[in-house]
Amino acid sequence: MPDAPEALLAISGLTVAFGGVLALCEADLTVARGSVTAIIGPNGAGKTTLINAITGMVAPSAGKILLNGREITRLPAWKRPRAGVARTFQNLEICSNMTVLENVLTGAHRLIGYSALDSLLRTPRFLRGEAQARSMALGDLAFVGLAEAADLPAGQLPYGSQRLLELARALALKPDLLLLDEPAAGMNIRETRLLGALIRRIRDERGVTVALIEHDMDLVMDLSDQIAVLNFGAVIATGTPSEIQKNPQVVTAYLGE
Ligand SMILES: Nc1ncnc2c1ncn2[C@@H]1O[C@H](COP(=O)(O)OP(=O)(O)OP(=O)(O)O)[C@@H](O)[C@H]1O
Ligand SMILES: [Mg+2]
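First, a word on what this report is: a plain description of the structure on this page. This is a predicted model, so every value here is computed, not measured.

1. Focus on the coordination of the magnesium ion (ligand 2)
Okay, step 1: At this site the magnesium ion (ligand 2) is bound by T48 (OG1) and Q90 (OE1), with donor distances of 2.0 to 2.3 Å. Separated by 42 residues along the polypeptide, T48 in helix α1 (residues 47–54) and Q90 in the loop between β6 (85–87) and α3 (100–108) bring together distant segments of the chain.
Okay, step 2: Relative accessible area serves as the criterion here: at 24%, T48 is assigned to the partly exposed category.

2. Quick word on the site of ligand 1
Okay, step 1: Neighbouring ligand 1 are 14 residues; G44, K47, T48, T49 and Q90 lie closest to it.
Okay, step 2: A distance of 3.1 Å separates an oxygen atom of ligand 1 from a polar backbone atom of A45.
Okay, step 3: The contact in question runs from an oxygen atom of ligand 1 to an N or O atom on the side chain of H215, over 3.4 Å.
Okay, step 4: Of all the elements in the fold, those that place two or more residues in the shell around ligand 1 are β2 (21–31) and α1.

3. Let's talk about the packing of α3 against helix α5 (residues 124–144)
A pair of packed helices is captured by two measures, namely the crossing angle of their axes and the spacing between those axes.
Okay, step 1: It is at 9 Å that the axes of α3 and α5 come closest, and there the two elements cross at 115°. It follows from the interaxial angle that α3 and α5 lie roughly perpendicular. Crossing of α3 against α5: the hand is right-handed. Residues V100, L101, V104, L105 and A108 of α3 touch α5, and the partners they reach there are A133, R134, A137, L138, D140 and L141.

4. As for the environment of D218
Okay, step 1: Relative to the assigned elements, D218 resides in helix α8 (residues 217–223).
Okay, step 2: On the basis of relative accessible area, D218 is assigned to the exposed category, the value being 66%.

The rules behind these values
Residues numbered from 1 in each chain as written. Chains lettered and ligands numbered in written order. Predicted model: local features only at pLDDT ≥ 70, side-chain atom pairs only at ≥ 80, totals over all residues. Heavy atoms only, no water. Donors = N, O, S within 2.8 Å, 3.2 Å for Na, K, Ca; no water. Helix = DSSP H or I, 4+ residues; strand = E, 2+ residues; numbered from the N terminus. Buried < 20%, exposed > 50% of the residue type's maximum accessible area, 1.4 Å probe, protein only. Near = heavy atom within 4 Å. Polar contact = N/O pair within 3.5 Å; in protein donor to acceptor, adjacent residues only side chain to side chain. Axes fitted to C-alpha atoms, helices over the stretch in contact; angles between N-to-C directions. Parallel < 35°, antiparallel > 145°, perpendicular 65-115°, else oblique. Left-handed = near helix turned anticlockwise from the far one by under 90°. Contact = heavy atoms within 4.5 Å.

See below:
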């Protein structure tokens, strides 16, 4: 076989049903390593369900999800960060009473190699691991521009910064694939522009492949290598931003006007 570049993520025939509602209906999607893919579509199209299926939070009734060539369709959710997937949520999920740094550490800890016994006995391995986790978490906070806020309670951050904190926590998992559910929601124009630049740096400097759900079309068109359009649970089109803007089916289904 010629060495065709293997896709990082390959989804085929993915179907998710909630009672009578088909949230996803034989959805197909391929995401190339090192790219930014935007997933767009009307409300209720199945975008969040797609991310939930990739992260193991809902169980598909049919179809396949391959990550790095490995099938993860039925891998338990808690094992998926180690398989290379991290995410942020449409509705923020941070612990507002913990400090900003502690929030990121909840991500970083999973990757540190000490056992419960190391932790109980405070062995050198545990102490080394803690120091390492802390310095990696501070690095991730600095990367999103929140280093100065490390010791503040997370709940005191402005909303836009809380979104960046969630992003830092996901980065702390050192994912191959980062899934962002409406990362710009609630951000002003300036914050959105900075977020776009940050996502590019995540791809270019960290080598992380990004798939994001987003309604802000300026951001989507500016940032994406690929756009996938979902409608009624199916991917009705994929292509570059200019291909998608010209696609008559997409214009009717979504872009409207
Ligand atoms: N846990 C659930 N139980 C029942 N129905 C659900 C559940 N989650 C999603 N649905 C339904 O599945 C469909 C797809 O929902 P989903 O949240 O994936 O859409 P979405 O594209 O993310 O929409 P939005 O743009 O509003 O976030 C909708 O009809 C929704 O009501
Ligand atoms: Mg959604």
